[in-house]
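What follows is each chain in one-letter form.
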Amino acid sequence: MEMKLTIRRVPTVVSNYQDDADKPRAGCGRNCLGDCCLPVSKLPLYAFKANPAKPSQEDAASTKSLVNILLTEWEERMARGLFRYDVTACETKVIPGNLGFVAQLNEGRHLKKRPTEFRVDRVLQPFDPAKFNFTKVGQEEVLFQFENGGDDSYFLNNAPITAADRAPNVVAINVSPIEYGHVLLIPRVLDRLPQRIDPESFLLALQMAAEAASPYFRLGYNSLGAFATINHLHFQAYYLSVPFPVEKAATHKIPLSEDTMKSGVTVSKLINYPVRGLVFEGGNTLNDLATVVSSACIWLQDNNVPYNVLISDCGKRIFLFPQCYAEKQALGEVSQELLDTQVNPAVWEISGHIVLKRKNDYEEASETSAWKLLAEVSLSEERFEEVRAYIFTAAGLVQADDDEEASEGEEATYSPVPVAPMPVAEGCLVLQ
C-alpha cells in the first residue's frame, strides 16, 4: 500500500465562492468564470506590451500604468466589501536586524476555518473539477483580463473575452490579502491547468512584472507541497514599498561557460540567507529568462521537489527556492514551537515577509526567530547542491571549470532592490 504524506492546515480562502465549491448547482446564474458564463461576458482588459523596453521615468509616472489601474480596481473591490478583512488595518513592522524581515500581524486570515488535510508528497497532481478552482469565482472578483497587446499597452473598461479559440488570462483579487493590492494571475483560466509551471505561463508572469515597472510589485508562485492549496494554475502578486529581505541578501555569482552565456542569463547562489536558493537575472529578452527558469521549475516538479518562486525587480530577477518544510512537518520533524505559530512558509514568508497569526508572536518577533523558522524550510547544503546540478542540466546551463565556490560565510556581492519614487498614492503599510 502506498504511504501518503499529509499535513493538516487551515486552507487560505482566496475567493468568496470557495466555501460553496462542493455544493451541487442546477445551472449557474451567478456570472462566474466557467464555460457557462465567461465566453459570452465582457470584462475590463489590460493589454500589455509584448517586448517591454526598460521603463522610463515617463512610463513610471503614467496615470495609465498597470500598477495604478490594478490598485484602483482593487480599492474599488475593497469599497464594495468583497474582502474578508481590511488588510490595511493589520499591524506591520520591519524587524531590527541585518536583513530587515517584515512581520505582519494578521489574526483574521485563518479564523472561522477548520484544518484540512493536504497531501504534500506529490508536486504534480491532476486537476480535479470537483474541488474549488477559479472557474467557480464570481466575475465581480476579477479586475481585468491580461492579454498581449503587441506593440502597445492599453486599458479598456469593457471588452469581450479576447479570443474564442483561446482561454483568457485573468487577474482577480485574493479575498484574504496579505498586503495592499494582493491579486491572483490566472493563466488561461478556462483551460483548467493544474498548479504546474510551463514556459508560456511563466513568461506571462514575467510580462506582468515588466509591465508593472515597479520594484515594489512582485509576483510569487508556490508549488503543491510548498504551500499552494489550490490545484489550479495561478501566481500571486502584491505591492509593498519596502525591499524584501531576500532582495538585500548577499549572492555569489556562478561562472558559466561562454556558450551558456549567449542567452544573457546569469545565475547566482544566495549567501548568508536562511533558505538556500538560486537567483536568475538578465537575459537578452524576457523570453530568454523565462525559458531558463521555467526549465529549472519543470525539472523540480517532474522530480517531485516542492519549490517557491519570487519574481522581483520588474521581472529581471528571479529567486528559486527548492524547499522541504511540509515534508518535515508530515514526518514529525518540525518542532512544536514552530508548528504552534501556524506560519506556512510559502514564497512571501521565504522572501522575508512573514505573516503571524498570534499577537504574542508578532510582539516578540526577532531576526533570530525569523531565521529559525526559515532555516527549517531549506534543503541541506548537500541536497541543495545535488538539486542545483540537475537544474543546471535541465536548463542547459554549464558551469565554468574555474569556479571557486564561495562558502556560506564568505564575502559576496550585495544587490539591493532599487529605490525610486513611485506614482502610487497609497503608501507603505509598514511601521518604521
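Residues numbered from 1 in each chain as written. Predicted model: local features only at pLDDT ≥ 70, side-chain atom pairs only at ≥ 80, totals over all residues. Heavy atoms only, no water.

### Looking at the environment of Y325
Secondary-structure assignment places Y325 in helix α6 (residues 325-330). Here Y325 falls in the buried class, since its relative accessible area comes to 1%. Separated by 53 residues in the primary sequence, Y325 and S378 have C-alpha atoms spaced 7.4 Å apart. Discounting residues that sit within four places of it in the chain, Y325 has contacts with F227, V334, L338, L339, V343, P345, L373, E376 and V377. (Helix = DSSP H or I, 4+ residues; strand = E, 2+ residues; numbered from the N terminus. Buried < 20%, exposed > 50% of the residue type's maximum accessible area, 1.4 Å probe, protein only. Contact = heavy atoms within 4.5 Å.)

### Structural notes on the environment of R388
Tracing the backbone through its elements, the reader meets R388 in helix α11 (residues 381-394). When the C-alpha positions of R388 and A296 are compared, they lie 9.0 Å apart, and in sequence the two are 92 residues distant.

### Considering the sheet that holds strand β4 (residues 102-105)
Here three strands make up an open sheet; going across it, the order is β3-β4-β17 and the pairing mixed. Strand pairing shows two members of the sheet lacking a second neighbour, β3 (92-94) and β17 (353-356), which therefore form its edges. When strand polarity is set aside, the average angle formed by the axes of neighbouring strands in this sheet is 20 degrees. Bridge count for β4 against β17 is four bridges, and the pairing is parallel. (Pairing = 2+ DSSP bridges. Axes fitted to C-alpha atoms, helices over the stretch in contact; angles between N-to-C directions.)

### Concerning the pattern of salt bridges
Here the structure, examined in full by the defined rule, presents 21 salt bridges. Across the pair E381 and K269 runs a salt bridge whose closest N-O atoms are separated by 4.0 Å. You can see E381 sitting in helix α11 and its partner K269 sitting in strand β13 (residues 265-271), a full 112 residues away along the chain. Taking the relative accessible area as the measure of exposure, E381 reaches 30% and is therefore partly exposed. Overall, the relative accessible area of 6% leaves K269 in the buried class. Two residues, E281 and R317, come together in a salt bridge whose shortest N-O distance is 3.3 Å. Of the two residues, E281 is situated in strand β14 (residues 278-282) and R317 in strand β16 (residues 317-322); the sequence distance between them amounts to 36 residues. (Salt bridge = Lys/Arg side-chain N within 4 Å of Asp/Glu carboxyl O.)

These figures capture arrangement, not role.
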